[in-house]
Amino acid sequence: MSKMMSLVRVLQVFLRKLDVGLLRYGDNETTSLLHHAKKCSKKANDGDETVDCHHPIDQDMYREMLALAIIMHNYPFSYAEHENNRLIHVYLNPEVKPVSRNIAKQDVIKIYKKEKESLKFALKSISGRFCLTSDLWFSSTTD
């Protein structure tokens, strides 16, 4: 078994134990987790073993969301290859295919080009004049 898969198993076991503790806390129940447990896991025929069911993943949507996170938070492209980041994604859905930094870069560039074309279209549709100004200012003193 690879190192990554063994880490995934350890994380899964830990989080399952945590889920059991969160389902019942004193006299109160965490109803959202109970609803999720009823919806996403089903009992096997003998009733002892639980079988996890995962929703199919749209890999293109996953890649786009990862690229948007990189853009929004100004992460480096290597963020897609961070080990703990991948572990979380694999835990949430084992069918996810990890993305390399080069693929993340391609996805970011694709979003940039799409937004650039959208801006061009919006500017072309303006019937009147508009003024676009920019200012770049630097302070001569440093703090």
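Residues numbered from 1 in each chain as written. Predicted model: local features only at pLDDT ≥ 70, side-chain atom pairs only at ≥ 80, totals over all residues. Heavy atoms only, no water.

Enquirer: Looking at this structure, I do not really get a nonpolar patch on the surface. What am I missing?
Expert: On the surface, a nonpolar cluster with roughly 520 Å² of combined accessible area is contributed by L119, L123, I126, F130 and L132. Mapped onto the elements, L132 comes out in the segment after α5 (101-124). The exposed category is assigned to L132, whose relative accessible area is 75%. (Patch = residues over 30% accessible without salt bridge, like charges linked within 9 Å, V, L, I, M, F, W, Y side chains within 5 Å. Areas by Shrake-Rupley, 256 points an atom, 1.4 Å probe, with all protein chains shown as cover. Salt bridge = Lys/Arg side-chain N within 4 Å of Asp/Glu carboxyl O. Helix = DSSP H or I, 4+ residues; strand = E, 2+ residues; numbered from the N terminus. Buried < 20%, exposed > 50% of the residue type's maximum accessible area, 1.4 Å probe, protein only.)

Enquirer: Sorry, what's going on with the packing of aromatic side chains here?
Expert: Both the distance between ring centres and the angle between the ring planes are used here to describe each pair of aromatic rings. Under the definition given, this model contains one aromatic pair. Here the aromatic rings of Y75 and Y79 are separated by 4.4 Å at their centres, their planes lie at 25°, and the arrangement is stacked. (Phe/Tyr/Trp six-rings, centres within 6.5 Å; stacked < 30°, edge-to-face > 60°.)

Enquirer: Got a minute to help me understand the confidence of the model for the protein in this structure?
Expert: A low pLDDT means the predicted coordinates there should not be read in detail. For the protein, per-residue confidence averages 76 on the pLDDT scale, and residues scoring 70 or more make up 61% of the total. Within the model, the stretch residues 21-27 combines pLDDT values under 50 with eight contacts to residues more than four positions away or in other chains. (pLDDT = per-residue confidence, 0-100. Contact = heavy atoms within 4.5 Å.)

Enquirer: What is the right way to read the pattern of salt bridges from this model?
Expert: When their charged atoms lie close together, side chains carrying opposite charge are able to pair. With the rule as written, the count across this model stands at four salt bridges. For D107, the salt bridge is made with R63, and the minimal N-O distance between the two is 2.7 Å. Within this pair, whereas D107 is found in helix α5, its partner R63 is found in helix α3 (residues 59-73), the two being separated by 44 residues in sequence. Judged by its relative accessible area of 5%, D107 falls in the buried class. Since its relative accessible area comes to 23%, R63 is described here as partly exposed.

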